[in-house]
Each structure stands twice: as structure tokens, then as C-alpha cells.
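Descriptive analysis of the structure
Here is how the chains run, residue by residue.
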Amino acid sequence: MGLLDRILDVVTVGLDKLIDDKAVNHRRVIEQGLEIKGNWQTGEIFLLGNLLIPEVLENNGGEYKTFSWGDTSENSRLTALAILLWFLEEREAYDYLDTFLRDFVARLPRQDFEQNFGYEFWRNDILSKRGKKLTSDKYHQADLHGGYYLGDNDTDDGGDD
């Protein structure tokens, strides 16, 4: 089955190139979580193994040259925005920006890191608090990356409300 798996991978990669990159990235984040790695010394961020190109940094007038994390500074806010824009449309990225900054980017250690953020679980938790319907039953399978996002501990124990 190894050969069949490799052929399937090649076909999948080829099909992914025909589809919009942002849509492919979004699908991968939903399926795998937001696998993210940061190099503190260089200020580089890698998402699902891909170097995050700092277009957001270039568009801010050149004040910030590298990504930053571990606080709620403007540079960390730009980092959060760049991450979200990698797989979300602009409107949705801005909708989640402040919460994503607070819940994830500001909590990252101010050093090299490697995490898998359970994005879908996090998003569904936010949407459920806004009164919107959950869009997937996979959210409970998300890797919560060692405690950076724990969500609320208000699980239903089956009793009466």
C-alpha cells in the first residue's frame, strides 16, 4: 500500500495546486490543526512547514522587519494578522484578530517554539459563544498544544441544566 499512498499524495498535491492556495491552507488547518513553528532569533514563522512571507510587515511602512510574539504589542498583532491571512479571507481574519492575538500569539513563549494550535476547536468555541451553530464535529479532536488554549471547562455532564 506504500506505492498507492505515494501516488495518492502526488495526485493530491497536484490537485491542491489547481485550487486557490488560501482555500487549500484553510482545509489543511481544519484537518491538521495550525502547526506553527517560530524562530525567535530570526523572527521567522513556519505554518504547516511553509515559511510565512511577511507581506503584512512590508505593508506597514517598514516599521517592523520580523515577526514577534509573546505579548500584545503592535508587532505581535501584525504576526497574528499574517498567520490568519495565510488561510482566511481578509474579513474573517480581521473578525478573529484580537481574540486570536490574546488567546494564542500573546501566549507563545518569547523564544523558539513549535506548537499545534487547535484552530477549529478554538473557532467553534468562539462561534458557540456568539450563538452560532458549530460547523463540524471534528473540533473535539483538536490537539490543544500543551495548554496554550484550553477553552472553557463547561462540558455537559448529561444532567439537567
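Located above this text is the structure these notes cover.
This report concerns the structure included in the present document. Keep in mind that this is a model prediction, so the values were computed, not measured.

All right, on to the nonpolar core then. Core analysis: the largest hydrophobic core is formed by 32 residues, its most contacted members being Leu34, Ile83, Leu84, Phe87, Phe100 and Tyr119. Secondary-structure elements contributing two or more residues to this core are α2 (21-32), β1 (34-39), β2 (44-47), α4 (74-87), α5 (90-103), β4 (113-117) and α6 (119-129). The dominant element in this core, judged by the number of residues it contributes, is α4, at seven residues. Once residues within four sequence positions are removed from consideration, phenylalanine 87 is found in contact with Lys22, Asn25, His26, Val29, Leu34 and Tyr119.

The next thing to look at is the pattern of salt bridges. One pass over the full model with this rule turns up five salt bridges. Across the salt bridge formed by arginine 77 and aspartate 98, the nearest N and O atoms sit 3.1 Å from each other. Taken together, the positions of arginine 77 in helix α4 and aspartate 98 in helix α5 put the pair 21 residues apart, joining distant regions of the chain. On the basis of relative accessible area, arginine 77 is assigned to the partly exposed category, the value being 28%. Residue aspartate 98 is classed as partly exposed on the basis of its relative accessible area of 48%. Aspartate 125 serves as the salt-bridge partner of lysine 129, at 3.4 Å between the closest nitrogen and oxygen. With lysine 129 and aspartate 125 both in helix α6 and four residues apart, this pair spans about one turn of that helix. Accessibility expressed as a relative area gives 52% for lysine 129, which makes it exposed.

About the criteria used
Residues numbered from 1 in each chain as written. Predicted model: local features only at pLDDT ≥ 70, side-chain atom pairs only at ≥ 80, totals over all residues. Heavy atoms only, no water. Core = buried A, V, L, I, M, F, W, Y, C linked by side-chain atoms within 4.5 Å. Buried < 20%, exposed > 50% of the residue type's maximum accessible area, 1.4 Å probe, protein only. Helix = DSSP H or I, 4+ residues; strand = E, 2+ residues; numbered from the N terminus. Contact = heavy atoms within 4.5 Å. Salt bridge = Lys/Arg side-chain N within 4 Å of Asp/Glu carboxyl O.

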